[in-house]
Amino acid sequence: MVASLLSAALLLMPPAPQPAPQPAPQPAPQPLCVDAAAFLTTDRTMAVVVEADTLDDWRTRQRLTGCRITAAGGTVRGVQPEAVAFYERVRAVGWVRTPDPYDAPSEASLRFRMGKADCLFNVYGDAMLMTDAEDRVDLARVLAPGEKRYHVYVMCLPVMPAAPRER
């Protein structure tokens, strides 16, 4: 009898107050990636994901706080001609080659500077990073008829002088 009275009392008690739902955390702004992200979205009509990252800096040989951008777009001219046009456009809108860039032109990676950011741009074709960000931009950028998918991966660090090269 006591057990049934307790059960009945528990049923009549109002539920414990629940904390108010919290909004989903928003990603922190990545100031070093602002110019590159704006270029990719507005000029190149690409879908982008910007994320904070810690990157190996070729200049200081240290790990520094920076950011990365994963982007997907569409081209009717093919990936290689698109890469050439992409870098011509990067220069045309005001990016300048990073002094002593340590880049990899045979791999379609070139370093450019704008404002307070040194960014390595890498143009490639089919998805190869196999990351959440790459999946998201692929879904977000719908291809028009006749277009082929291409990607751009960007890593940005603060502007700094290059370290002397070891010989």
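Small disclaimer: the values here were computed from a predicted structure and weren't measured.

Novice: What is the right way to read the state of the cysteines from this model?
Specialist: Within the structure shown, the criterion is met by two disulfides. Covalent S-S linkage joins Cys33 and Cys67, the inter-sulfur distance amounting to 2.0 Å. Taking the sign of the S-S torsion, 110° for the link of Cys33 and Cys67, the bridge is right-handed. Here Cys33 is found in the loop between α1 (2-12) and α2 (34-43), whereas its partner Cys67 is found in strand β2 (residues 62-75), with 34 residues between them in sequence. Judged by its relative accessible area of 1%, Cys33 is buried. For Cys119, the disulfide goes to Cys156, at an S-S distance of 2.1 Å. In this structure, the disulfide formed by Cys119 and Cys156 twists by about 110° around the S-S bond and is classed as right-handed. Remark: Cys156 occurs in strand β6 (residues 148-158) and Cys119 occurs in strand β5 (residues 117-124); sequence separation between them is 37 residues. Overall, the relative accessible area of 0% leaves Cys156 in the buried class. Each bonded cysteine in the protein chain gets a number by its place in the sequence, and the pairs come out as 1-2, 3-4.

What counts as what
- Residues numbered from 1 in each chain as written.
- Predicted model: local features only at pLDDT ≥ 70, side-chain atom pairs only at ≥ 80, totals over all residues.
- Heavy atoms only, no water.
- Disulfide = S-S within 2.5 Å.
- Helix = DSSP H or I, 4+ residues; strand = E, 2+ residues; numbered from the N terminus.
- Buried < 20%, exposed > 50% of the residue type's maximum accessible area, 1.4 Å probe, protein only.

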